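Residue-level listing of the chains:
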Amino acid sequence: MPTRLCALAASVALLTALAVPAASADPGAAAGTGGTGSTGGTGGPGAAGSGAPTVNLATNPGFELPSPNLADWGSVSGWNCTGGPAEAAVTTTAAHSGTSALTVTPANADSTGECAQTVAVQPDTTYTASAWVRGDFVHLGATGTGHDVAPAWTATTSGGWQQLTTRFTTGPNARSIRLYVHGWYRQGPFSVDDVRVDGPAPAPAVAAGSLPTTDKVVFFTVDDGWQRTPEAERFIADHRLPITAFPLPRPAGTDPDFFKRVTAVPGSSVQDHSVSHSDLGKLPLEQQQVEICDARDTMTRLFGTAPVVFRPPLFTWNTDTLQAAADCGIRTVLTADADFSWGASNIWHPGLLQPGDVVLMHWTDALAADLPRALAAAEAAGLKPAGLVDYLH
């Protein structure tokens, strides 16, 4: 028997042995049986001990949302697929509901064609994950829950759509899980639609323009990343400035080593600034969630640490922004109290800079001149630049 088929047989046996009531496929919900799972319910039991409403926490669950303008070419909004876009295509025909579904063709015999996303969760809470799938040996599961739970899977959907469902309870330290769908070796393409992760909605993120502290500190933040100069890099290194960088995914991916160098001072970090730098106030919550979560995933992949702060482009945000940020595991939506970009010295409150103020700058060819001016303003107020992440609560 070929190696991959042996692995398949062994895995089927293992999954059968591990199967628990929380992981199941619903054969009665296959296409043509009149099942209503395309829209789903509210997750049945929902969250253990939580008063928060039960909602679908998945990003782009129906694969209907377009990729933001500055996303990687061919990317699937909200999802990361093994091997990149060559493995996944959003189809506009034969969807389970709506106009689109995800169809994945494993790139080679060593690929299952896995697509996954990170979902923010609460500790010690029960969630129900489900998806409608079509194909052979399709799997739906979650990792990072804090407890081992077998994935839901089906040997075949016989050409129709079938709903997979799995339930899990997070551990005491779980703040996010990795939701995944995949096929199997040499089993051909599979399709996925109408994904759900039903559980309590996270509390909205907190909006802030400064951080509360009595310490004599100020926080330097630098946005975008299109123009990266050695002069600015040298000033940051020479003065040991803690910098909170908010690059967009495209420039960050073009030159990740630059952002690693300019955030090498202790207290520095790389945070989230959306994918396309759009006015989020004009976008629905679902699209805002794609903007924030996709940028979070890019920064995590490039720099190894998940962002905990979101800087809204143009400083425009609304209540949906706060919820979308929370759905992406981010607790602070940060603007600023002062702008020292492009030669400016604007402080948006009376007097000098104050403890806890956040200073806005941009990665431009003017940054090498903006940084010393901002540093002089901080020193005039008796303040010292500090690491913003060190002051988050």
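First, a word on what this report is: a plain description of the structure on this page.

Cut-offs and rules
Residues numbered from 1 in each chain as written. Predicted model: local features only at pLDDT ≥ 70, side-chain atom pairs only at ≥ 80, totals over all residues. Heavy atoms only, no water. Helix = DSSP H or I, 4+ residues; strand = E, 2+ residues; numbered from the N terminus. Expected span 1.5 Å × (residues − 1). Contact = heavy atoms within 4.5 Å. Salt bridge = Lys/Arg side-chain N within 4 Å of Asp/Glu carboxyl O. Buried < 20%, exposed > 50% of the residue type's maximum accessible area, 1.4 Å probe, protein only. Phe/Tyr/Trp six-rings, centres within 6.5 Å; stacked < 30°, edge-to-face > 60°. Lys NZ or Arg CZ within 6 Å of the ring centre and 35° of its normal.

### Some points on helix α7 (residues 367–380)
Given 3.6 residues to a turn, an α-helix orients residues that are three or four positions apart in the same direction.
For step 1, the next point in the chain: In this model α7 runs 20 Å from its N-terminal to its C-terminal C-alpha over 14 residues, within 8% of the 20 Å that 1.5 Å per residue would give.
For step 2, the next point in the chain: Elements that come into contact with the buried residues of α7 comprise β14 (217–224), α2 (230–238), β15 (243–247), β21 (358–362) and β22 (384–385).
For step 3, the next point in the chain: Once α7 ends, the next one or two residues include Gly 382, with phi positive near 75°.

### Structural notes on the pattern of salt bridges
For step 1, the next point in the chain: Considering all chains together, one arrives at seven salt bridges under this definition.
For step 2, the next point in the chain: Among the salt bridges present, the one from Arg 196 reaches Asp 198, with a minimum N-O distance of 2.8 Å.
For step 3, the next point in the chain: Judged by its relative accessible area of 14%, Arg 196 falls in the buried class.
For step 4, the next point in the chain: For Arg 373, the salt bridge identified is with Asp 370, shortest N-O distance 2.8 Å. With Arg 373 and Asp 370 both in helix α7, this residue pair falls three residues apart, about one helical turn.

### Things to note about the packing of aromatic side chains
Given two aromatic rings, one states the distance between the centres and the angle between the planes to describe the pair.
For step 1, the next point in the chain: Taken as a whole, this structure holds nine aromatic pairs when the rule is applied.
For step 2, the next point in the chain: Measuring from centroid to centroid gives 5.8 Å for Tyr 127 and Phe 168, while their planes differ by 25°, and the two rings are stacked. Taken as a pair, Tyr 127 in strand β7 (residues 126–134) and Phe 168 in strand β10 (residues 162–169) lie far apart in primary sequence, 41 residues in all.
For step 3, the next point in the chain: Given the relative accessible area of 0%, Tyr 127 is considered buried.
For step 4, the next point in the chain: Residue classification places Phe 168 among the buried residues on the basis of a relative accessible area of 2%.
For step 5, the next point in the chain: A centroid spacing of 5.2 Å and a plane angle of 70° characterise the contact between Trp 184 and Tyr 185, whose relative ring orientation is edge-to-face.
For step 6, the next point in the chain: In this structure Trp 184 comes out as buried when scored by relative accessible area, which is 10%.
For step 7, the next point in the chain: Members of the aromatic cluster, connected to one another through ring pairs, are Phe 258, Phe 259 and Trp 363.
For step 8, the next point in the chain: If you follow Arg 311 out to its NZ or CZ, it ends over the ring of Phe 246, 4.6 Å from the centre.

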